[in-house]
Amino acid sequence: MSKRVGIARAHTNIALIKYWGKRDRDLFLPMNSSLSLTLDAFYTDTRVIFDDSLSADVFYLNKEKQSSKELEKISQFLDLFREYTGEKGFVCVESLNFVPTAAGLASSASAFAALALATATALGLEMSREELSTFARRGSGSSTRSLFGGFVEWDMGTGSADSMAHPVDDAAWNIGMIILAVDTGKKKIASRVGMEHTVQTSPFYPMWVETAAQDLQEMKAAIIQQDFERLGQITEHNGMKMHATTLSANPPFTYWTAATMKAQAAVRQVREEFGVPAYMTMDAGPNVKVLCRASDMGRLVKGLKEYLPAEQVLTSLSGPGTYILSEADWQASQVAFSRGEHHD
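Residues numbered from 1 in each chain as written. Predicted model: local features only at pLDDT ≥ 70, side-chain atom pairs only at ≥ 80, totals over all residues. Heavy atoms only, no water.

Per an unreviewed UniProt entry, the protein chain goes by the name diphosphomevalonate decarboxylase and belongs to Streptococcus azizii. Recorded in UniProt for the protein chain, the comment headed Sequence similarities (unreviewed entry) runs: "Belongs to the diphosphomevalonate decarboxylase family." (UniProt positions renumbered as here; feature names shortened; annotations may be inferred.)

Some remarks on the side chain of Glu-94
Here Glu-94 shows up in strand β7 (residues 91–98). Glu-94 has contacts with Asp-45, Thr-46, Arg-47, Ile-49, Tyr-60, Trp-330 and Gln-334, leaving out every residue within four places of it along the chain. (Helix = DSSP H or I, 4+ residues; strand = E, 2+ residues; numbered from the N terminus. Contact = heavy atoms within 4.5 Å.)

Details of the pattern of salt bridges
Pairing of side chains with opposite charge becomes possible as their charged atoms draw close. Taken as a whole, this structure holds 15 salt bridges when the rule is applied. Between Glu-94 and Arg-47 there is a salt bridge; the shortest N-O distance is 2.8 Å. You can see Glu-94 sitting in strand β7 and its partner Arg-47 sitting in strand β4 (residues 34–51), a full 47 residues away along the chain. With respect to burial, Glu-94 and Arg-47 carry one shared label: buried. When the shortest N-O distance is used, the salt bridge between Asp-79 and Arg-82 registers 2.9 Å. Note that Asp-79 and Arg-82 are positioned in helix α1 (residues 68–85) at a spacing of three residues, about one turn of the helix. Where salt bridges share partners, they join Lys-18, Asp-283 and Lys-289 into one cluster. (Salt bridge = Lys/Arg side-chain N within 4 Å of Asp/Glu carboxyl O. Buried < 20%, exposed > 50% of the residue type's maximum accessible area, 1.4 Å probe, protein only.)

Side note on the nonpolar core
Counting 32 residues, the largest nonpolar core has Val-48, Ile-74, Phe-77, Phe-81, Val-93, Leu-115 and Leu-132 as its most contacted members. Taken together, the elements giving at least two residues each to this core come down to β1 (3–17), β4, β5 (58–61), α1, β7, α2 (107–122) and α3 (129–136). The leading source of residues in this core is α2, at nine residues. When residues no more than four places from it in sequence are discounted, the contact partners of Phe-77 are Phe-112, Leu-115, Ala-116, Phe-135, Ala-136, Arg-138 and Gly-139. Counting 26 residues, the second largest nonpolar core, distinct from the first, contains Leu-39, Trp-173, Met-177 and Ile-179. (Core = buried A, V, L, I, M, F, W, Y, C linked by side-chain atoms within 4.5 Å.)

Some remarks on the UniProt feature "domain: Mvd1 C-terminal" (unreviewed entry) in the protein chain
Cross-referencing UniProt, the feature "domain: Mvd1 C-terminal" (unreviewed entry) maps to residues 177–315 in the present numbering. Between the end C-alpha atoms of residues 177–315 the distance is 6 Å, and the span holds 55% helix and 12% strand.

A short note on the packing of helix α8 (residues 258–274) against helix α9 (residues 297–304)
Contact geometry for α8 and α9: axes closest at 9 Å, N-to-C directions at 125°. Comparing their axes, α9 and α8 come out oblique. Crossing of α8 against α9: the hand is right-handed. The segment α8 lies against α9, with Ala-266, Val-267, Val-270 and Phe-274 engaging Arg-299, Leu-300, Gly-303 and Leu-304. (Axes fitted to C-alpha atoms, helices over the stretch in contact; angles between N-to-C directions. Parallel < 35°, antiparallel > 145°, perpendicular 65-115°, else oblique. Left-handed = near helix turned anticlockwise from the far one by under 90°.)

Below, the structure written as structure tokens:
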């Protein structure tokens, strides 16, 4: 019986210009283009095995066999590659998440970026990362951006073929991020559900789409000029605008918790006290991310730990794009996971 194997690592990304809302739910086409920073601290390792002895797909997440409901989404994603290549075989997918799952820390982004590259590798496909991002997008929109490192744009495109990600800048100019992981439990409202409800019911939503496009152009200009403070100001304003749309939905909802508000207050207090530029953003979850200069991270972390438990204050630098792993790398990841060297 033959086996074809692909193994890949993908890092999470945090959107600085948010993706919030789909114009096509089936093709995962966004209402607006977005821009993110890939992080080095959080990642997913995935091994894909096309095995002729299998009679059905199987999916293991963090060494636990997943339910048929979880498997269904993975199988539908694999079908994109099977249809593209004419492949008929079944697959064993094993994935290790070195990032809290479903807590607004973009675990789905790293998960589907890793799965896309591992699947393409197992099938011997030679395609650009841009083209591969159009496949990854169908699993998780934000996964398009995890295929690249540094600052990455997901161009909304005109259709499925050109709604893809591309690199903007390697972010190798003193960029850091602090993650205030105040709640890493599973969030009550999935991003997909919250997004759809907001698009359908928020009277503010059309203005969000319009201003997000303006924000993107201004941010790309700030990146070119390496204007960190302008970059941060746009990041914070864009993120708060996204969350304003959830409060204006009908009925209104929010991903913020009391712990979120405490973390936000801590960021404001510390940046005022130290006079250090540090800017907040939040995805669809309760955790707060703080964009800062890498050289300021130590001072900011020390200050934030005066207000928050030390274990809630995590740090990251800019991370790389998705890449292929060896079997030895995969074995090492399994050992690291078993030792608890992950963030769950």
